[in-house]
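Spelled out from the first residue to the last, the chains are:
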Amino acid sequence: MHTLRSVLALALSAGVALASPARAQDKTIKIATQSPLSGGQAALGEGIKLGTQLAIEQFKAPLEKMGFKVVLVPYDDQAKPDVGVANAQNIIADPQILGVIGHLNSGVAIPSSEVYKNVDLVMISPANTNPTVTDRGYKNVNRVCGRDDVQGVVGSNFAHDSLKPKTVYIIHDKTTYGQGVAEFFRNDAQKKGMKVLAFEGTEEKSNFDPIITPLRAQNPDLVYFGGLYDQAAPFFKQAREKGVKAKFLGPDGMDSSDLTKIAGKAVVGMYYTSVAGPVTVYPAAKQFAEEYKKAYGKNPEPFSAQAYDATAILLKAIEAAAQGGKTPTRAAIAAAVRNVKYTGVTGTIEFNAKGDPKQALYFVLQVVSPDPAKWGENKEVKRLSIAPPAPGA
């Protein structure tokens, strides 16, 4: 009996001795991004990926000192919910992936985060603004940006106080994000006495004649487009070409240099709200912008700086959860993220119990040039710091 125990003890100790170096050699931590890296929204999606990559390079040293290797694994969600969910299944299947930075589109983030939730994999979004993202109360889902139920009202307030339109024509792209923010804008605009002439959804990407003809006939003072730049730009361009004189306004889906690349002078002078804004609106982001351009040969897109800060928060949380140099669990990292208070290039970020920032910045900006290279010089018209709505509000 003693002999058998001795043999078992020897076998177990040998097994441990053999297993330990294998584990030690593979202390790899992977950070995933999910954003569109192909298709019409790739400019913003690539900006999220590169912002994350730069942060990993600059903030991985403490984890490397603990014996970890930190790498980026980018996923292209193509701005499509089904692709995002399929990627999410692959992401959770890789035990070395300990966090996700993404998505760009709320309509992709919401179903994908249902997958991450199953394994407590933390997601920090640089860009998702639909209220549902955090209103579900998941402990692993966070965002560093504001919300559409606030952004839509910021747009409506600005329109009412500064543009003073009597009539508004609202178009949206039928997505979770675009329709959602347009609804918040519409509801508040009506409360403020603006007459909403139409609230129309479209998935059209090239020929907007069927929308522009009745729009022009009604001659609205303001056209609001809830959606993204790749669809809005050709719409605005065709509307101006067909003689629409209304002022243009949209949400942060307009916030890409590709808007002017596609629409040119048609969008000069238009206004848009943003939860991000160009890097130039953040005094602390000047060095980030220089380092980004040096590394990647181009200016950061809106949400690049948010992705950079989100990644810094994630790395700090992993570091805090990696007690004694052991690889932390996904659940431990998700809990640690909520405890991080971080002052980054976009300001100080601290999450509430739902994963919203306790204070978020909202901007109203105006397009100043048809030159895409000058997108970062867009004029800041207004800046607001607003707390998220109270739960149940």
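Residues numbered from 1 in each chain as written. Predicted model: local features only at pLDDT ≥ 70, side-chain atom pairs only at ≥ 80, totals over all residues. Heavy atoms only, no water.

A.B. asks: So what's going on with the overall build of the protein? Residues and values would help.
C.D. replies: Broken down by element type, the protein carries 14 helices and 14 strands. Looking at the protein as a whole, 55% of its 393 residues are labelled buried. In the protein, the share of contacts with a sequence separation of at least 24, taken over all contacts with a separation of at least 6, comes to 70%. Counting every atom, the protein has about 16,200 Å² of accessible surface; 53% of that belongs to carbon and sulfur. (Helix = DSSP H or I, 4+ residues; strand = E, 2+ residues; numbered from the N terminus. Buried < 20%, exposed > 50% of the residue type's maximum accessible area, 1.4 Å probe, protein only. Contact = heavy atoms within 4.5 Å. Areas by Shrake-Rupley, 256 points an atom, 1.4 Å probe, with all protein chains shown as cover.)

A.B. asks: So what's going on with the pairing of strand β1 (residues 28-35)? Which residues, and what values?
C.D. replies: Of all 8 residues that make up β1, 8 are buried, and the element is covered over most of its length. Of the pairings in the sheet, the one linking β1 to strand β2 (residues 69-76) comprises 8 bridges and is parallel in character. Across the sheet, the residue bridging to Ala 32 is Val 73, located in β2. (Pairing = 2+ DSSP bridges.)

A.B. asks: Go over the packing of helix α2 (residues 42-59) against helix α12 (residues 286-296) with me, naming the residues and quoting the values.
C.D. replies: Between α2 and α12, the shortest axis-to-axis distance is 11 Å and the interhelical angle comes to 100 degrees. Between α2 and α12, the crossing angle belongs to the class labelled roughly perpendicular. Counting all contacts with α2, which are made through Glu 46, Gly 47, Leu 50, Gly 51, Gln 53, Leu 54 and Gln 58, the residues of α12 involved are Phe 288, Glu 291, Tyr 292, Ala 295 and Tyr 296. Broken down by class, the residue content of the contact of α2 with α12 amounts to 6 nonpolar, 4 polar and 2 charged. (Axes fitted to C-alpha atoms, helices over the stretch in contact; angles between N-to-C directions. Parallel < 35°, antiparallel > 145°, perpendicular 65-115°, else oblique. Nonpolar A, V, L, I, M, F, W, Y, C, P; charged D, E, K, R; others polar.)

A.B. asks: Report on the nonpolar core, specifying residues and quantitative values.
C.D. replies: Counting residues in hydrophobic clusters, the biggest one holds 102 residues, and the most contacted among them are Ile 124 and Phe 235. Take this core: its biggest share by element is 11 residues, from helix α13 (residues 304-321). Those residues within four positions of Phe 235 in sequence are excluded, and the remaining contacts are Ile 171, Phe 208, Ile 211, Ile 212, Leu 215, Val 223 and Phe 225. Counting 17 residues, the second largest nonpolar core, distinct from the first, contains Val 73, Ile 92, Ile 110 and Met 123. (Core = buried A, V, L, I, M, F, W, Y, C linked by side-chain atoms within 4.5 Å.)

A.B. asks: Outline the packing of aromatic side chains, listing residues and values.
C.D. replies: One pass over the full model with this rule turns up 13 aromatic pairs. Relative to Tyr 271, the ring of Phe 158 has its centre 5.0 Å away and its plane inclined at 55 degrees; by these criteria the two rings are tilted. Taken together, the positions of Phe 158 in helix α7 (residues 148-163) and Tyr 271 in strand β10 (residues 271-274) put the pair 113 residues apart, joining distant regions of the chain. We note that Phe 158, like Tyr 271, is buried. Taken together, the aromatic side chains of Phe 59, Phe 288, Tyr 292, Tyr 296 and Tyr 308 make up a single cluster linked through ring pairs. (Phe/Tyr/Trp six-rings, centres within 6.5 Å; stacked < 30°, edge-to-face > 60°.)

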